[in-house]
There are 2 protein chains.
Amino acid sequence: MVHNFNAGPSILPKEVIEQASAAVIDYNNSGISILEMGHRTPEFTSVMEEARVLVKELMDLGSDHEVLFLHGGASTQFMQVPMNLLNPKDSAAYADTGVWSSKAIKEAKLFGKVDVVCSSKERNYIDIPNDFAVPNDANYFHITTNNTIFGTQWQTIPKTSNILVADMSSDVFSRQLDFKTFGLIYAGAQKNLGPAGVTMVVVNKNILGKVKHTIPTMMDYRNHISEGSMLNTPPVFAVYTCMLTLRWLKVKGGISAMEQLNNEKATLLYNEIDRNELFSTQVAKKDRSKMNVCFTMKDSSLEKPFLDFVKQHGVVGIKGHRLSGGFRASLYNALPISSVKFLVELMQSFEQKQ
Amino acid sequence: MVHNFNAGPSILPKEVIEQASAAVIDYNNSGISILEMGHRTPEFTSVMEEARVLVKELMDLGSDHEVLFLHGGASTQFMQVPMNLLNPKDSAAYADTGVWSSKAIKEAKLFGKVDVVCSSKERNYIDIPNDFAVPNDANYFHITTNNTIFGTQWQTIPKTSNILVADMSSDVFSRQLDFKTFGLIYAGAQKNLGPAGVTMVVVNKNILGKVKHTIPTMMDYRNHISEGSMLNTPPVFAVYTCMLTLRWLKVKGGISAMEQLNNEKATLLYNEIDRNELFSTQVAKKDRSKMNVCFTMKDSSLEKPFLDFVKQHGVVGIKGHRLSGGFRASLYNALPISSVKFLVELMQSFEQKQ
């Protein structure tokens, strides 16, 4: 039995894995694999449509918002967002809360002025900044809702009169938010949504078409919208697997039900970190991520033995990122609470052995 | 039994399908799915490396050429190529031999001057232009080696002193070429290489770094090269399936063996089109594609009945593209010769019934 705490690509629901594997052999008794199926066939266009409709339904979006499944990863969105929303002389506001925010900022600077309105970089990103103001004239305000590497998360989405753009790669669908208030949301699929190789973009179409320059064809969200997210051959299998995960999410009670479970999982693990004499976390209590729990050992010489100990028991993926060290347990939607309980038990028995 | 003549995504080797399906359940007895596996794990980095090495080996490339597996489809290459190779005041030469060439030309115009040195557009792209010259000062010369929609193919790669850039999406690995002479080759995977969702780029690294502008991070080939094709999370499953297909190709005898088989398959079908009283093809004989065989019926009222007839016998994917009409049978590497023989038999029995 493997307990998969990978940060991404990461655990997917067992039912999804089984259906995806079966479709690779034979898609719905068509006699051919989903990998061999034309993307313009009625079979696949209905998969794409179902995925897009499920996102709108689960996020409670209206007709202003369009859902796209694009190539390129969130890293491509770092350039695609400013290409679509920023003129060279305009400015955009960014919150700097981690490595991925910094990369988004670096890229935006190629296309216009960037105002970094807050940053926790000096504190090695262990918290989310509190006091900051977003200039009224910023074309948009960009946040990274959850910081996978440092284990922080915006518990409250900042109120702003600007267009709000969010990289939700590592916490999308994990908690209820008022998704309609966002101008643009993007998320690499490989955490809560599906396998690596596809990126979900949710965009309020009213914010598009305001820049003066020509946007390359593949970078212009409007082209993808008008073609129903099929401007070119989409990553068929990745979209199919996302659709299966979205179906699973709906059956499980949607985002609210998932949020409750995620809260339980995170509380279990943070309580143990706080209680257990061997462990601690540097992350500011108010900003603790419910998706990526980063922690260390007070005696760092015990980290290697602890890692070996949990590995022997089938726990994978809890080695921390090289930038934050220690451990990181990712508690994405598909991770069962039993895996968290098991990790907590291992932390307790390791404590007793010392 | 299904005979899959899809133009792309298209047929893959049965062994590849079976291994890919098994890896979705459990990758190499790791206890987790390939979809759940971190891309920085030794397991996946070795998959990526094997895929890159196999391409170099199969194409007989030296140390000047680098192999990348990127997101975005060939359509993204339409912009990425000029971003990397063209200054705004420089010019690039393009051959216009079909819809995909035209799209590449349209995109290049956003980044510099474009000289369309030849075009068969007026003849509805039924041939490959013969007489043309490429200006010496063009930064590069771009061709589409095989035209999926119109069924034409460059039988001989034009000799040029310019850097040669080729979109080989629909005929890569189907025939022996002197791949070392190309400056850059790109190919969407979903024909001869793997499933949709990944694009192979082979680039001579000596042609890079000559433009004066800053290239966005995800668009700069040099960044992908320095990160071993893992600049951001790659499309893990698609790369894995490509690697399996490349292994299969090597076992089958490599590109030369495949070319021989592809020649046999194409000869069988074209001979029948030429012999059979009911069928014909508009494609210039000298330029007939060995990958995508486009044909029509002399009496167009028989096309629907013929399509129904072959469908009843398990033939899928031979309806022609809306721009060229009639039929298109795609004979990619993984299509067995038995499927071509079967289609020929159906053409013969349909003829006898008239």
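Residues numbered from 1 in each chain as written. Chains lettered and ligands numbered in written order. Predicted model: local features only at pLDDT ≥ 70, side-chain atom pairs only at ≥ 80, totals over all residues.

## Concerning the overall build of chain A
Assigned secondary structure in chain A consists of 9 helices and 14 strands. In summary, chain A has a C-alpha radius of gyration of 21 Å against a globular reference of 20 Å for 354 residues, a match within 12%. Dimensions of chain A along its principal axes, counting C-alpha atoms only, are 65 × 55 × 30 Å. Buried positions account for 54% of the 354 residues belonging to chain A. (Helix = DSSP H or I, 4+ residues; strand = E, 2+ residues; numbered from the N terminus. Rg over C-alpha atoms; globule rule 2.2 N^0.38 Å. Buried ≥ 20, exposed ≤ 12 C-beta atoms within 10 Å, placed from the backbone.)

## Looking at helix H4 (residues 99-108) of chain A
All names here are of chain A. Those residues of H4 that sit buried are Trp 100, Ser 101, Ala 104, Glu 107 and Ala 108. The buried side chains of H4 occupy one side of the element, clustering within an arc of 130° when seen end-on. Looking at the buried residues of H4, the elements they touch are helix H3 (73-85), strand S3 (91-96), strand S4 (113-119), strand S5 (140-144) and strand S8 (163-167). (Arc of directions from axis to C-beta. Contact = placed C-beta atoms within 7 Å.)

## So, the relation of the copies chain A and chain B
Rotating chain A by 180° and moving it 0.0 Å along the rotation axis overlays it on chain B with an RMSD of 0.0 Å. Classification of the inter-copy transformation places it as that of a two-fold axis. The C-alpha atom lying nearest the rotation axis in chain A is that of A:Ser21; the distance is 2.4 Å. (Least-squares fit on C-alpha atoms with pLDDT ≥ 70 in both.)

## What to know about the sheet that holds S5(A)
Residues and elements named next belong to chain A. On the basis of which strands lie adjacent, the open sheet formed by 7 strands has the order S2-S10-S9-S8-S5-S3-S4 and mixed pairing. Two strands in the sheet have a free side with no partner beyond their single neighbour: strand S2 (65-70) and S4. Between one strand axis and the next, the sheet turns through 15° on average, direction left out of account. For S3 and S4, the ladder comprises 6 bridges, and the chain directions are parallel. By the bridge assignment for S4, Tyr 94 is matched with Val 116. Strand contacts of H3: S3, S5, S8, strand S9 (184-188) and strand S10 (199-204), with the helix running at about 160° to S9, the strand carrying the most contacts. (Pairing = 2+ DSSP bridges. Axes fitted to C-alpha atoms, helices over the stretch in contact; angles between N-to-C directions.)

## Describing the packing of helix H2 (residues 42-58) of chain A against helix H6 (residues 236-251) of chain A
Residues and elements named next belong to chain A. Packing of H2 against H6 leaves a shortest axis separation of 9 Å and a crossing angle of 40°. As the angle between them shows, H2 and H6 are arranged oblique. Crossing handedness for the pair H2 and H6: left-handed. Seen from H2, the contacting residues are Phe 44, Val 47, Met 48, Glu 50, Ala 51, Leu 54, Val 55 and Leu 58; seen from H6, they are Val 236, Val 239, Tyr 240, Cys 242, Met 243, Leu 246, Arg 247, Leu 249 and Lys 250. Grouping the amino acids of the contact of H2 with H6 by side-chain chemistry returns 14 nonpolar, no polar and 3 charged. (Parallel < 35°, antiparallel > 145°, perpendicular 65-115°, else oblique. Left-handed = near helix turned anticlockwise from the far one by under 90°. Nonpolar A, V, L, I, M, F, W, Y, C, P; charged D, E, K, R; others polar.)

## Considering the confidence of the model for chain A
Model confidence for chain A is summarised by a mean pLDDT of 97, while 100% of its residues fall at 70 or above. Predicted complex metrics record ipTM = 0.98 and pTM = 0.98. (pLDDT = per-residue confidence, 0-100.)

## Considerations on the domain arrangement of chain A
Residues and elements named next belong to chain A. Split by domain assignment, chain A resolves into domain 1 (14-251) and domain 2 (255-353). When each unit is reduced to the centre of its C-alpha atoms, the spacing between domain 1 and domain 2 is 27 Å. Broken down by secondary-structure element, the contributors of at least two residues to the side of domain 1 that touches domain 2 are strand S6 (146-147) and strand S7 (152-153). Counted by class, the side of domain 1 that touches domain 2 contains 8 nonpolar, 11 polar and 4 charged residues. (Domains from an automatic or database assignment.)

## Details of the interface of chain A and chain B
Across the boundary between the two partners, chain A contributes 46 residues, which contact 46 residues of chain B. Contributions of two or more residues to the side of chain A that touches chain B are made by helix H1 (14-25), H3 and H6 of chain A. Considering every element that reaches the side of chain A that touches chain B, the biggest residue donor is H1(A), with 5 residues. Its residues placed into classes, the side of chain A that touches chain B shows 22 nonpolar, 22 polar and 2 charged.

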